Amino acid sequence: MALVSAKRMNREQFFRVVLELDEDGLRKALWNLYWRGTANVRYEVDEFVSLARSGAYLGGDRRVSPRERSRWRFAFKRLVAEAQDALRAEDAGPAVAALEQLIDLACEARDYDYFRSDDPVAAAGFVVSDVVAVLWASTWERHGFQAFAETAAPQLVRWESRCGWTRYGEGSVSAKETSLAVVLARMLRVPDTWEGFAEQYVRALDRLCDLGASTRQVRRSVDAEQERASALAEWHGLLLENLVDTKGGLLDRIAVHSALGGAEQMFLSARLAHRHGNTGVARDLVARCLRKLPGHKDFREFAAEIGATAPA
């Protein structure tokens, strides 16, 4: 007999139902009640994220009390913990969606003021890379590699950050962060997984371009493309190390992809040219990179390695 129905029971009705259950039935009922409760995390997260983005936690909104406004980080921590616990439920869909929303909010909070805090991610003790690692591991375990790659590749593009997710890059939270490229490198242990994930990564970049075309953007966001290439530079370096290079293959497509731009993308082209034996082209490209970012450590080291002329 079910303990949860569309019509709520009163105390006496509940106890009568419980008395009819044997020990095994009681265990199953309590387990179902427990996981039905965790499904509510999605609703709570929806509400919390919506209020944060509306500015309700900054003040002047009766939907959030002064006490809730000052204790937002405790609510955030609780929701993260409950969503992670709910990943073990039979239906983990609501928990996955909740975690995605919380990660999105943390990424946004680095640049936008949603809470009264100088560094919201640090204040909440939220290590983005750790939570993403838990989410990705759960997706792979439940649904297999292909579903994981299809889901995680666009998330990598959306969430990766070159300098972490805290505002100032210091403190205990920042010290625990790793790039999402490193998280993936720990998961992709054989060549086939690198190849398969890279294919989904290129498709995720393609969809960004398709989205821009569908919204009829008159002018492309050059800054966004350059920032994206900078955030994903470490990932591109790992792909260069782990993919089998073929002419016109995945690496060549990434090196000229219109969803990326700037000196970091040009640097990938320089490294590819050098690998193909086109040293002259590589020297020219890295010199152009250094004219844009003359103090870039990786650019200067590569220029010295291949004998390119670097700016003083």
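A quick note: this is a predicted structure, and the numbers were derived from the prediction, not measured. (Residues numbered from 1 in each chain as written. Predicted model: local features only at pLDDT ≥ 70, side-chain atom pairs only at ≥ 80, totals over all residues. Heavy atoms only, no water.)

As a further point, take the overall build of the protein. If you tally the helices and strands in the protein, you get 18 helices and zero strands. Along the longest, intermediate and shortest principal axes, the C-alpha atoms of the protein span 85 × 45 × 40 Å. Counting all 312 residues of the protein, 44% fall into the buried class. The contacts of the protein with a sequence gap of at least 6 include a subset with a gap of at least 24, amounting to 68%. Across the protein, the 43 positively charged side chains and the 44 negatively charged ones have centroids separated by 4 Å. (Helix = DSSP H or I, 4+ residues; strand = E, 2+ residues; numbered from the N terminus. Buried < 20%, exposed > 50% of the residue type's maximum accessible area, 1.4 Å probe, protein only. Contact = heavy atoms within 4.5 Å. Lys, Arg positive; Asp, Glu negative; His and termini not counted. Charge placed at Lys NZ, Arg CZ, Asp CG, Glu CD.)

In this section: the pattern of salt bridges. Throughout the structure, instances matching the rule amount to twelve salt bridges. Across the pair Asp85 and Arg88 runs a salt bridge, and its minimum N-O distance is 3.7 Å. Given the relative accessible area of 31%, Asp85 is considered partly exposed. Residue Arg88 is classed as exposed on the basis of its relative accessible area of 58%. (Salt bridge = Lys/Arg side-chain N within 4 Å of Asp/Glu carboxyl O.)

With 90% of its residues at a pLDDT of 70 or more, the protein shows a mean pLDDT of 90. Ignoring residues within four places in sequence, the model shows residues 1–6, a span with pLDDT below 50, making twelve contacts including any to other chains. A low-confidence stretch, residues 214–219 stays under pLDDT 50, and its non-local contacts, those more than four residues away or across chains, total one contact. (pLDDT = per-residue confidence, 0-100.)

For the rest of this paragraph, the subject is the nonpolar core. The biggest cluster of nonpolar side chains holds 72 residues, and the ones touching the most others in it are Phe76, Phe126, Trp136, Phe197, Tyr201 and Trp235. Here the element with the most residues in this core is helix H6 (residues 93–109); it accounts for nine residues. Among all residues touching Tyr201, those that are not within four sequence positions of it are Ala153, Leu156, Val157, Leu232, Trp235, His236, Leu239, Ile254 and Leu260. (Core = buried A, V, L, I, M, F, W, Y, C linked by side-chain atoms within 4.5 Å.)

Right, let's get into the packing of aromatic side chains. A ring pair, where both rings are aromatic, is described by two values, the distance of the centres and the angle of the planes. Summed over the entire model, instances satisfying the criterion amount to 17 aromatic pairs. Ring centres of Phe48 and Phe115 lie 5.9 Å apart, and the angle between their planes is 20°; this geometry places the pair in the stacked category. Linking Phe48 in helix H3 (residues 40–54) with Phe115 in the loop between H6 and helix H7 (120–123), this pair joins segments that are 67 residues apart in sequence. With respect to class, Phe48 is no different from Phe115; both count as buried. Grouped by ring-pair contacts, the aromatic residues Trp136, Trp140, Phe145, Phe148, Trp194, Phe197, Tyr201 and Trp235 constitute a single cluster. (Phe/Tyr/Trp six-rings, centres within 6.5 Å; stacked < 30°, edge-to-face > 60°.)

Contact pair helix H8 (residues 128–143) / helix H11 (residues 180–187): the axes reach a minimum separation of 10 Å and the direction vectors enclose 35°. Crossing handedness for the pair H8 and H11: right-handed. Contacts from Ser129, Val132, Ala133, Trp136, Ala137 and Trp140 in H8 reach Leu180, Val183, Leu184 and Met187 in H11. A per-class count over the contact of H8 with H11 returns nine nonpolar, one polar and no charged. (Axes fitted to C-alpha atoms, helices over the stretch in contact; angles between N-to-C directions. Left-handed = near helix turned anticlockwise from the far one by under 90°. Nonpolar A, V, L, I, M, F, W, Y, C, P; charged D, E, K, R; others polar.)

What follows is about H11. Taken together, the buried positions of H11 are Leu180, Ala181, Val183, Leu184 and Met187. All buried residues of H11 project into a common sector of 160° when viewed along the axis, lining one side. (Arc of directions from axis to C-beta.)

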